[in-house]
Amino acid sequence: LAGIVHHTASTNNYTAAQAPAQMRNLYAYFTQSLNYADMGYNSLVDKYGTIYEGRSGCAVGAVGCDSATIPVQGAHTAGLNINTFGVSAIGNYDVLAPQNPEAMVESIASLMAWKLAPFGLDPNASASILSTDTSGSSKYRAGQTAITQVISAHRDVGKTACPGRYLYPYMAAIRARATTLLEPVIQGVKVTPTLVSSNDTSPVNVSAMIPSNANWSVDVKNVGSGESVVETSGTQTLTGPISFTWDRKDSDGLFVPVGRYAVSVNAS
C-alpha cells in the first residue's frame, strides 16, 4: 500500500463556503466529462484543511462498508491505482502556494496516517507497486515495478507536475507529521481495584491496549522501598489488549504487606 498526494489543478479562488461547490464541480468532471462511475480521488482536502470523501467504498444503500482497511480502488495515478490511496488538494498548486499550508499538511498527513495505520506501514519506508499503465502517463510501463516512498507525490511516479511546484516541497512535512501520528502509544491503562482491604484476598487486574510488534511488561513496585514485587512480560503481534491479574503476591508467592504499590505498563 502507498499513499499518493495530488492537486486537482482547478481554481484556487474559492471561499470556505464555496469549497463544497468545488467538490460538486469535480464530481461532475469525473462522472460526466470523464464518464467515471465516481470521483477519481479517494479523499480531497480544500485549502482550509477541510477533508472530503471522494470515491466511496459503498454500494448504493449499503452501510458499514467504509473504513481504513477497505481497499477502495481510485482512479488517480495511471498504472498505480491498485493498492494505492489518493489524496488531492483542491486547487492548482503549480501556480499558487497553499494559503494555509499548516492546515493542509495536517489534513493530508492525518488521512495518510489513518489509511496506513491498519497495515503498520512507515511513511518513510519504500513501497513496491506493479504498474499496469498502457497510457504512457506513468514513469513505469505495464509490468514494471515502481519503487517509491510509502507516501509519495504524483510526480514521483507519473509524468506530471502534480501536486504542483508549491505543494511538492511540503511532502517531507506530510511524511513527518504522519510519522508522528503513527507513533505507537500505550492506551487505556486500567488498574482495578485501586484500593483493597488487607482482609480481602481478591486480585488486582491490570489491562491496557498495546501497539503491534511491541515488547511489553507490567511491573509492580513497592512505593516505599522502590523494589519490584512482581513483573510479567510478553510480545504483542497485533495492536490489542493485554491483561495481567496480580494475586497480590510477590515473585516468591507470598502475600505482600499492607502498603502502597505502583503499577507500570511499558512497551518498546
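Everything below is about the structure printed above this text.
Quick look at the structure, then. (Residues numbered from 1 in each chain as written. Predicted model: local features only at pLDDT ≥ 70, side-chain atom pairs only at ≥ 80, totals over all residues. Heavy atoms only, no water.)

1. Looking at the overall build of the protein chain
- Looking only at helices and strands, the protein chain features four helices and 13 strands.
- In terms of overall size, the protein chain is more extended than a compact globule, its C-alpha atoms giving a radius of gyration of 25 Å where 268 residues would be expected to give roughly 18 Å.
- Across its three principal axes, the protein chain shows a C-alpha extent of roughly 75 × 45 × 40 Å.
- Contacts spanning at least 24 positions in sequence make up 62% of the contacts within the protein chain whose residues lie at least 6 apart. (Helix = DSSP H or I, 4+ residues; strand = E, 2+ residues; numbered from the N terminus. Rg over C-alpha atoms; globule rule 2.2 N^0.38 Å. Contact = heavy atoms within 4.5 Å.)

2. Topic: the sheet that holds strand β10 (residues 214–222)
- Judged by pairing direction, the sheet is antiparallel, and its three strands sit side by side in the order β11-β10-β13 without closing on themselves. Strand pairing shows two members of the sheet lacking a second neighbour, β11 (228–236) and β13 (261–267), which therefore form its edges. Across this sheet, the average inter-strand angle for adjacent strands is 10 degrees, counted without regard to direction. (Pairing = 2+ DSSP bridges. Axes fitted to C-alpha atoms, helices over the stretch in contact; angles between N-to-C directions.)

3. Overview of the side chain of His154
- Within the secondary structure, His154 is located in helix α3 (residues 154–157).
- Of the residues examined, His154 reaches a relative accessible area of 14% and is grouped as buried.
- Leaving out residues up to four positions away in the same chain, His154 has contacts with Ile4, Val5, His6, His76, Thr77, Thr160, Cys162 and Pro163. (Buried < 20%, exposed > 50% of the residue type's maximum accessible area, 1.4 Å probe, protein only.)

4. Here's the deal with the environment of Val258
- Within the secondary structure, Val258 sits in the loop between β12 (240–246) and β13.
- Judged by its relative accessible area of 76%, Val258 falls in the exposed class.
- As for Val258 and Gly3, which are separated by 255 residues in sequence, their C-alpha atoms are 55 Å apart.

5. Quick look at unusual backbone geometry
- In the segment running from Cys162 into Pro163, the intervening peptide bond is cis, with an omega of 10 degrees.
- Take Pro163: it is sitting in the loop between α3 and α4 (171–181).
- Backbone torsion omega between Thr192 and Pro193 reads -10 degrees, so that peptide bond is classified as cis.
- Positionally, Pro193 belongs in the loop between β8 (187–192) and β9 (204–210).
- Notably, Asn35 is not glycine yet its phi reads approximately 60 degrees, a positive angle.

6. Overview of the packing of aromatic side chains
- Counted according to the given criterion, the structure contains five aromatic pairs.
- With a centroid separation of 6.3 Å and 75 degrees between ring planes, the pair formed by Tyr14 and Tyr48 is classed as edge-to-face. Residue Tyr14 is located in the loop between β1 (2–7) and α1 (19–33), and its partner Tyr48 is located in the loop between β2 (43–45) and β3 (51–53); the two are separated by 34 residues in the primary sequence.
- Residue Tyr48 is classed as partly exposed on the basis of its relative accessible area of 30%.
- Centroid distance Phe30 to Tyr41: 5.4 Å. Interplanar angle 85 degrees. Geometry classified as edge-to-face. (Phe/Tyr/Trp six-rings, centres within 6.5 Å; stacked < 30°, edge-to-face > 60°.)

7. A word on helix α2 (residues 101–116)
- Over its 16 residues, α2 extends 22 Å from the first C-alpha to the last, a length consistent with the 22 Å expected when each residue adds 1.5 Å.
- Of all 16 residues in α2, 12 are buried; the element is thus mostly enclosed.
- If you check which residues of α2 are buried, you get Pro101, Ala103, Met104, Val105, Ser107, Ile108, Ala109, Leu111, Met112, Ala113, Lys115 and Leu116.
- Its buried side turned inward, α2 meets β1, β2, β3, β4 (84–89), β7 (151–153) and α4. (Expected span 1.5 Å × (residues − 1).)

8. Quick word on the environment of Leu80
- Within the fold, Leu80 resides in the loop between β3 and β4.
- Note: C-alpha distance between Leu80 and Thr237 (157 residues apart in sequence) is 30 Å.
- Non-local contacts of Leu80, meaning those with residues more than four positions away in its chain, are made with Ile129, Leu130, Ser131, Ser138, Ala146 and Val157.

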